Protein chains: 4
Amino acid sequence: MTRTPVAILGATGAVGQKFVALLADHPWFEIVQLVASATRDGRCYGDEVRWREPTSLPDAIAQIRLTTIAPNPEVQIAFSALDASIAHDVEPAWAEAGVMVVSNASAYRMADDVPLIVPEINPDHLALLDRQRAGRMWRGGIVANPNCSTAVLVTALAPLHRAFGLQRAAIATLQAASGAGYPGVPSLDLLGNVIPYIGGEEEKIERELTKILGTYSDARIVPAEILASAMVHRVPVVDGHMVSGSLAFAEAPSPEAAMATLRAFRGSELVQGLPSSPRTPVEVDERADRPQTRLDVDRGQGMTVTVGRVRACPLHDLRFVALGHNLVRGAAGAAIQNAELIRASGALEG
Amino acid sequence: MTRTPVAILGATGAVGQKFVALLADHPWFEIVQLVASATRDGRCYGDEVRWREPTSLPDAIAQIRLTTIAPNPEVQIAFSALDASIAHDVEPAWAEAGVMVVSNASAYRMADDVPLIVPEINPDHLALLDRQRAGRMWRGGIVANPNCSTAVLVTALAPLHRAFGLQRAAIATLQAASGAGYPGVPSLDLLGNVIPYIGGEEEKIERELTKILGTYSDARIVPAEILASAMVHRVPVVDGHMVSGSLAFAEAPSPEAAMATLRAFRGSELVQGLPSSPRTPVEVDERADRPQTRLDVDRGQGMTVTVGRVRACPLHDLRFVALGHNLVRGAAGAAIQNAELIRASGALEG
Amino acid sequence: MTRTPVAILGATGAVGQKFVALLADHPWFEIVQLVASATRDGRCYGDEVRWREPTSLPDAIAQIRLTTIAPNPEVQIAFSALDASIAHDVEPAWAEAGVMVVSNASAYRMADDVPLIVPEINPDHLALLDRQRAGRMWRGGIVANPNCSTAVLVTALAPLHRAFGLQRAAIATLQAASGAGYPGVPSLDLLGNVIPYIGGEEEKIERELTKILGTYSDARIVPAEILASAMVHRVPVVDGHMVSGSLAFAEAPSPEAAMATLRAFRGSELVQGLPSSPRTPVEVDERADRPQTRLDVDRGQGMTVTVGRVRACPLHDLRFVALGHNLVRGAAGAAIQNAELIRASGALEG
Amino acid sequence: MTRTPVAILGATGAVGQKFVALLADHPWFEIVQLVASATRDGRCYGDEVRWREPTSLPDAIAQIRLTTIAPNPEVQIAFSALDASIAHDVEPAWAEAGVMVVSNASAYRMADDVPLIVPEINPDHLALLDRQRAGRMWRGGIVANPNCSTAVLVTALAPLHRAFGLQRAAIATLQAASGAGYPGVPSLDLLGNVIPYIGGEEEKIERELTKILGTYSDARIVPAEILASAMVHRVPVVDGHMVSGSLAFAEAPSPEAAMATLRAFRGSELVQGLPSSPRTPVEVDERADRPQTRLDVDRGQGMTVTVGRVRACPLHDLRFVALGHNLVRGAAGAAIQNAELIRASGALEG
């Protein structure tokens, strides 16, 4: 099987680097283009990137010469790690040129005709692509993955929602420095400190959640009727977003039933077979003080969400804690798994 | 006015040291006794304590010889920084010997006849002392202050509850290392990590809250009818507990009304005049990203709670963030303010 | 005594804010002008600064309108917290306009005719000002304080050098985040990490040391003949630079003699009387594990250097550890103390 | 080839856990016994250990029942992660019972007849075992690896010493929390702090260095004549000891020559073939700001030491920075590599 040629838009940032690291040996995809800001045009990636991944940068990739953001119809997939403001104009241009833009940016996540996908949860939402292509007259397309906190949260909530009907959720997040990109948050702001604010994050969590857990019907997504409130905090950890939640359901499960449901959660067979899919999307850890950010962030190569402390709640039905890797399950890994889903389901051809 | 002779029970720990630091120059109280474990009997405090306060340990106090835990009727007030299990037996013995035990321990906080006091909020609950002394035939007594997280939270909630009738609260905490005492949490557990568990803490917050906001009536406390759920987390900061909450009220206030109410909050005139009372128990900071733990923990010499991000909530009526110093407003400072209240209101004499 | 009108050049950065905080209630100086980049011209300081000091920003200062960098002959002293590249052109322009520039920038520290002053150590080097003014035909002048690490180090070394003749020094530093200014080092680079590199820092330490400990003679400074090697490291602490050193002397002192010398160290009577001078420039702490950055950084309001672990050395004569506040003793506090020295010694009048 | 049955003495601590993690799938060794304190006798390892390794604890090992410290002649190798005071009595008892004790403890490192081995550096020192067995009438033996800081340092110094004759070394260390074991340093002592003291560490570095770099001759080790001074610091990082050094040689190399020598460094063919030997014991990184603790600690699965900033020194000939994993290259990995060397060289049979 030939590997699909892919580009990475915004290749030097924190998410861009994670894309490079995860795609370096990918069985289905081959990096052929790395895009950065115009001032770096023509320079070698290895000279321009301030590489921060623990694995070393492969020589072949280090020598790729950076290009500008002009659409390149010779790649089939463009992974977008662009800022939302830039993505707003760039992603449609690439889609129009015939490229499938698999985007980690927030620009089009909530657009009516853009699938917002977590492969284990809502692969059927990919069907929106037909409407998108028809409506916008694109040969390519845009498929988005959720915000990093949403990704961790919704992976834990989806099986519970399906089984018991989630109605209300009070959510608090404790998010890592790497979620803000690089350079991101100054060390003077984060050393020994908590910042209870991340611009736009609470709204993203509350909105994206209902779209992902919504139902595809008649070429549109009917959002799930879940009342959610998010309270976000940046904490001094490197990688790993923790989310704690208090949940009310249509049919309240016991903690044991909830844990059994979480443990049984699997994607479709197609999804289970994707190269980036972890053995299980959720692991339940019953030790009293788990998950912990530093100890559990890398489970399933960063694609597994660890859930713990599933317990009764005086206010709602259940409380829990979930932890996932914000740059993998919450960003680059999510986009790559989406691209795998798109290719495996034949949607690349349009 | 002569200074009241006081003892500190558990003087070498983190809270004990904070008691020493705050009482070193106190206008009303004079440290005459420092109590530690029996193995240290007779040794100088300065030699035994691993002093961690930023202020230097006064020589006069360094030279005090540690005593064992046997009740000493010659002190009028004993500040208790004991572990709950030890406090359980020791505090009644001192109270029986005629000493007013002003306790930071959890052992008797929820006892029917023990006042659980925050001077700005429920000084009238001190009236329980009469019943306590009569019922237990003590000449002394026990008066408790709340758990460190509860103290921060309830200071922010009390004015809102009075004005608007708090009914439901989903609470998340982000708590500092010093809340676990010394040595407390190993650095290997907390560096670059979040631990979403503190034994017994969630129950304490949920219970103590309703007692403090309850009503004194007919020699007992009728708890406030507030449904609260707490989700606690230990984060890698030194001092300062942050609490975020989503709140529902009988009569929902606008964020502006809530902030005005918080800003106007004052204790009684008697309480405002106590040496440890801050200028205002609550400060509201409207900057988008405040309060922050490291920047705001020391407001009002650690006795002021900073509230920020008062905003609408999709789930309940309001969301907010509060921050306070867990060793001052949440422990030693709270107990000292309680002792001042007891003395100022004439309750020392019994 | 009327207060001297002063300006702060670069008022919004980390050192600039420390200048504002330390000058807010200064008995001798009055802030009348705050200078920032041209894009902020005319805006209120309080709106533009991202205030990070623990003390609150005084209203009167918050309302000062920022100006551009054009020299203002109506101030007598301009405190410079500029980057070296900007300072290079700006500081001479102000000096020419008749202002005494008291600079924390590195631009002119090693210039032959610029005094590089630590008041307790080499106040006589101020005499260079005469040559500077004559040679450059300035009515004002430039006086510099050392680099932040050098300031801590040289305060500990000066008394030892005078008493025992320092000849060789192997120095390692462990420097705080705030030494890099704001935003400075990204949190992703510093959380749980050590960076063994700070551009230009090692050379600054090695050079500035010999100038400060040099001798004024015949209108020039003869550098001290000390062979020094510095190895610098950035560590994840907020404030406080630690320096460890192994030292060889002409006449090797015992650790006890070295500690006695350090303890006896005082500035001249004039210097001791300056408002910013600490009670003692050096405190010796003999506890085995002190100084520690977080616990000792604020001694003497940040102007005292704490020395510990004075012990024999298998390689040279002595080893030691010193700690000081990089923004106070190492930057803004140092410059203010220099300005006080200049005013007290009559050098303002030129 | 059958796997050699091994025991781990002190299996629940930080180093003990690292032994378990590294031996879980070892091709040559099979864990058959886990030893802990007597109070845990008979309990399952999985229930007693507070597992902190990132890899999950294999079930088969979790179910091993802990035993007491009595020597067990049925194992051939006992890996010792004991505290020095306990190791002092226990290790000889096991050796006498016929077991090869491969020890990370400091108790016998400097004993005249105990080999202190780093396989790439001084495998010939193993010959001391003959004298040890003859003199002590043991069928087993004791072989030690160096202190964690020494291990990192000496791996970087050995090739330079051989090529250029190291004579003087001023060393500073920046050591991780995990070097103090578990629970080790309280978080209140290490968050945002530096502690410039680790009991006995400086002496260990200075002494062990000269033994490892010494010469085996006539059944004894003639220590290398190197004058070394160590200044140690504990910094708030999880894993990874950094050492910076200023070095003088008999024949001063240029930085380029030093780097070439470091890059060419290899163990003997026998050593290169050991399962735990990294591809290269030293990697040189020429980027200006490397090595960095968090980014480089895991190179070579923690067995490679990264050296950087090789540069001229105003005091001696060269300066450099080295970084290694204190629990792998500095403890458990080192001991396992030693055991591999012992088995491969036939020394197990005695």
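A quick note: this is a predicted structure, and the numbers were derived from the prediction, not measured.

The rules we used
- By convention here, each chain's residues receive numbers from 1 onward along its written sequence.
- Chains and ligands are labelled by the order in which they are written, letters from A for the one and numbers from 1 for the other.
- Where totals are concerned, whole chains, interfaces and linings use all residues; where local detail is concerned, this predicted model gives features only for residues with pLDDT of at least 70, and gives and counts side-chain atom pairs only at 80 or more.
- Hydrogen atoms and water are omitted, and side-chain values are computed over all heavy atoms in the structure.
- A carboxyl oxygen of Asp or Glu within 4 Å of a side-chain nitrogen of Lys or Arg is what we treat as a salt bridge.
- Here a strand is any run of E in DSSP of at least two residues, a helix any run of H or I of at least four, and the numbering for each starts at the N terminus.
- Between buried and exposed lies partly exposed: a residue is buried under 20% and exposed over 50% of the maximum accessible area for its type, with that area taken using a 1.4 Å probe on protein chains only.
- Note on pairing: DSSP must find at least two bridges between two strands before they are called paired.
- Throughout, an axis means a line fitted to C-alpha atoms (over the contacting stretch in the case of helices), and angles, computed between N-to-C directions, take values from 0 to 180 degrees.
- A least-squares superposition brings the copies together, and it is based on the C-alpha atoms of residues with pLDDT no lower than 70 in both.
- What makes two residues a contact is simply this: any of their non-hydrogen atoms within 4.5 Å.
- When charges are counted, Lys and Arg contribute as positive and Asp and Glu as negative, whereas His and the chain ends are disregarded.
- The cut-offs work like this: below 35 degrees is roughly parallel, past 145 is roughly antiparallel, 65 to 115 is roughly perpendicular, and the gaps in between are oblique.
- For any helix crossing, the convention is left-handed if the near helix is rotated counterclockwise from the far helix by under a right angle, and right-handed if that rotation is clockwise.
- Note: buried area is the sum, over both parts, of the accessible area (probe 1.4 Å) each one loses when the two are combined.
- In protein, a polar contact means a hydrogen-donor-capable atom and an acceptor-capable atom, both N or O and within 3.5 Å, with residues adjacent in sequence counting only if both atoms are side-chain atoms; elsewhere, any N or O pair within 3.5 Å suffices.
- Residues are sorted three ways: Asp, Glu, Lys and Arg are charged, Ala, Val, Leu, Ile, Met, Phe, Trp, Tyr, Cys and Pro are nonpolar, and all the rest, Gly among them, are polar.
- The source of the domain bounds is an automatic or database domain assignment.
- For this analysis, a ring pair means two rings from Phe, Tyr or Trp (six-membered ring only for Trp) whose centres lie within 6.5 Å, classed as stacked if their planes differ by under 30 degrees, edge-to-face if by over 60, and tilted for the remaining angles.

S.K.: Is there a simple way to think about the pattern of salt bridges in this case?
M.R.: Think of it this way: side chains of opposite charge can pair up when their charged atoms draw near. For the coordinates displayed, the defined rule picks out 76 salt bridges over all chains. A salt bridge links Arg50(A) to Asp289(D), with the nearest nitrogen and oxygen atoms 3.3 Å apart. Here Arg50(A), found in the loop between α2 (45-48) and α3 (59-62), pairs with Asp289(D), found in the loop between β11 (282-285) and α11 (293-296), and the two come from separate chains. For Asp289(D), a relative accessible area of 15% translates into the label buried. Close ionic contact of Glu208(A) with Arg109(A) constitutes a salt bridge, the shortest N to O distance being 2.8 Å. Of this pair, Glu208(A) sits in helix α8 (residues 201-212) while Arg109(A) sits in the loop between β4 (100-103) and α5 (128-136), and the two are 99 residues apart along the sequence. For Arg109(A), a relative accessible area of 5% corresponds to the buried category.

S.K.: In this structure, what is going on with the sheet that holds strand β1 (residues 4-9) of chain A? I would like to understand it.
M.R.: Two pairing modes exist for strands in a sheet, parallel and antiparallel, and in both the strands are linked by backbone hydrogen bonds. All names here are of chain A. Read from one edge to the other, the open sheet built from five strands follows the order β2-β1-β3-β4-β5, with strand pairing classed as parallel. The outermost strands of the open sheet, each flanked by one partner alone, are β2 (29-35) and β5 (141-144). Between one strand and the next, the sheet's axes are offset by a mean angle of 25°, whatever the strand orientation.

S.K.: Sorry if this is basic, but what is going on with the relation of the copies chain B and chain A here?
M.R.: Two copies of a chain can be linked by a rotation about an axis combined with a shift along that same axis. After a rotation of 180° and a shift along the axis of 0.0 Å, chain B superposes on chain A with an RMSD of 0.0 Å. Taken together, these values place the two copies in the relation of a two-fold axis. Comparing interface residues between copies, 100% of those in chain B also lie at the interface in chain A; the contact surface is shared.

S.K.: Which parts of the structure should I look at to understand the side chain of Glu340(C)?
M.R.: All names here are of chain C. Its place among the elements puts glutamate 340 in helix α12 (residues 332-344). An unpaired buried charge is present at glutamate 340: no salt bridge exists, and arginine 343, the closest side chain of opposite charge, is 9.3 Å distant. With residues up to four places along the chain from it excluded, the contact list for glutamate 340 reads His26, Trp28, Phe29, Leu274, Pro275, Ser276 and Ser277.

S.K.: Sorry if this is basic, but what is going on with the packing of helix α6 (residues 148-164) of chain D against helix α8 (residues 201-212) of chain D here?
M.R.: Residue and element names in this part refer to chain D. Running from N to C, α6 and α8 point in directions that differ by 40°, and their axes come no closer than 9 Å. Between α6 and α8, the crossing angle belongs to the class labelled oblique. Every pair of crossing elements has a handedness; the one defined by α6 and α8 is right-handed. Mapping the contact onto sequence places Cys148, Ser149, Thr150, Leu153, Val154 and Leu157 in α6 and Glu201, Lys204, Ile205, Glu208, Leu209 and Ile212 in α8.

S.K.: Before we go on, may I ask you to explain the interface of chain B and chain D in this structure?
M.R.: For interface size, the figure often reported is the accessible area lost on association. In this complex, chain B contributes 18 residues to the contact, which on the side of chain D involves 18 residues. It is Ser187(B), Leu188(B) and Leu191(B) that lose the most area in chain B upon contact with chain D, and together they represent 42% of the buried surface on that side. One salt bridge in this structure joins Arg50(B) and Asp189(D), with 3.5 Å as the shortest N-O distance. The interface formed by chain B and chain D includes eight residue pairs in polar contact (both at pLDDT 80 or more).

S.K.: Any chance you could explain the interface of chain B and chain A here in plain terms?
M.R.: At the interface, 45 residues of chain B touch 45 residues of chain A. Where chain B abuts chain A, roughly 3,600 Å² becomes buried across the two surfaces, and 59% of that area is made up of carbon and sulfur atoms. Broken down residue by residue, the surface that chain B buries against chain A is led by Met231(B), Arg294(B) and Leu315(B), which jointly contribute 17%. Across the chain B-chain A interface, the total number found is eight salt bridges. When the shortest N-O distance is used, the salt bridge between Glu202(B) and Arg319(A) registers 3.9 Å. At the boundary of chain B with chain A, the tally comes to 26 residue pairs in polar contact (both at pLDDT 80 or more). Looking at the side of chain B that touches chain A, the elements that each hand over two or more residues are β6 (166-174), α7 (187-190), α8 (201-212), β9 (227-231), β10 (241-249), α11 (293-296), β12 (305-312) and β13 (318-324) of chain B. Here the side of chain B that touches chain A is built from residues that sort into 25 nonpolar, ten polar and ten charged.

S.K.: Teacher, can you tell me more about the pairing of β12(B) here?
M.R.: Within a regular beta strand, the side chains point alternately toward one face of the sheet and then the other, so they alternate between its two faces. Residue and element names in this part refer to chain B. Most of β12 is tucked away: seven of the eight residues are buried. Sheet topology places strand β11 (residues 282-285) next to β12; four bridges connect them, and they run parallel. The residue of β12 that forms the bridge with valine 282 is valine 305. The pairing of β12 with β13 spans five bridges and is antiparallel. Looking at the pairing, alanine 312 lines up with leucine 318 of β13. Counting the residues that bridge the hairpin from β12 to β13 gives five residues.

S.K.: How should the sheet that holds strand β1 (residues 4-9) of chain C be read in this particular structure?
M.R.: All names here are of chain C. Reading across the sheet, the five strands line up as β2-β1-β3-β4-β5 and stay open at both edges, with parallel pairing between neighbours. Looking at strand neighbours, the two that pair on one side only are β2 (29-35) and β5 (141-144), the edges of this open sheet. Each strand axis lies, on average, 25° off the axis of its neighbour in the sheet, ignoring direction. In the sheet, β1 pairs with strand β3 (residues 77-80) via four bridges, with the strands oriented parallel.

S.K.: I would appreciate a short explanation of the packing of helix α1 (residues 14-23) of chain B against helix α12 (residues 332-344) of chain B in the present structure.
M.R.: All names here are of chain B. Where α1 meets α12, the closest approach of the two axes is 9 Å, and the angle between their N-to-C directions is 50°. If you check the angle between α1 and α12, you find them oblique. Remark: the crossing between α1 and α12 carries right-handed chirality. Between α1 and α12, the contacting residues are Val15, Lys18, Phe19, Leu22 and Leu23 on the first element and Ala332, Gly333, Ala335 and Ile336 on the second. Looking at the contact of α1 with α12 residue by residue, the class counts come to seven nonpolar, one polar and one charged.

S.K.: Even after reading the chapter, I still don't get the domain arrangement of chain A, so can you show me in this structure?
M.R.: Residues and elements named next belong to chain A. Examined at the domain level, chain A breaks down into domain 1 (4-145 + 332-345) and domain 2 (148-324). With centres defined by C-alpha atoms, the gap from domain 1 to domain 2 works out at 24 Å. Of the roughly 2,500 Å² buried between domain 1 and domain 2, counting both surfaces, carbon and sulfur atoms make up 68%. One can count one salt bridge joining domain 1 with domain 2. Taken together, the links from domain 1 to domain 2 amount to ten residue pairs in polar contact (both at pLDDT 80 or more). Secondary structure elements with two or more residues in the side of domain 1 that touches domain 2: α5 and α12 (332-344). At seven residues, the largest contribution of residues to the side of domain 1 that touches domain 2 is made by α12. Of the residues in the side of domain 1 that touches domain 2, the class split is 16 nonpolar, seven polar and seven charged.

S.K.: What should I look at first to understand the packing of aromatic side chains in this one?
M.R.: Each aromatic ring pair is specified by the distance between its two centres and by the angle formed by the two planes. Residue and element names in this part refer to chain A. Taken as a whole and assessed by the stated rule, the structure comprises twelve aromatic pairs over all chains. With a centroid separation of 5.9 Å and an interplanar angle of 70°, the aromatic rings of phenylalanine 29 and phenylalanine 79 are classed as edge-to-face. Pair noted here: phenylalanine 29 is in strand β2 and phenylalanine 79 is in strand β3 (residues 77-80), with a separation of 50 residues, a long-range link. Each member of the pair, phenylalanine 29 as well as phenylalanine 79, is classed as buried. Three or more aromatic residues link up through ring pairs in this structure, and these residues are Phe19, Phe29 and Phe79.

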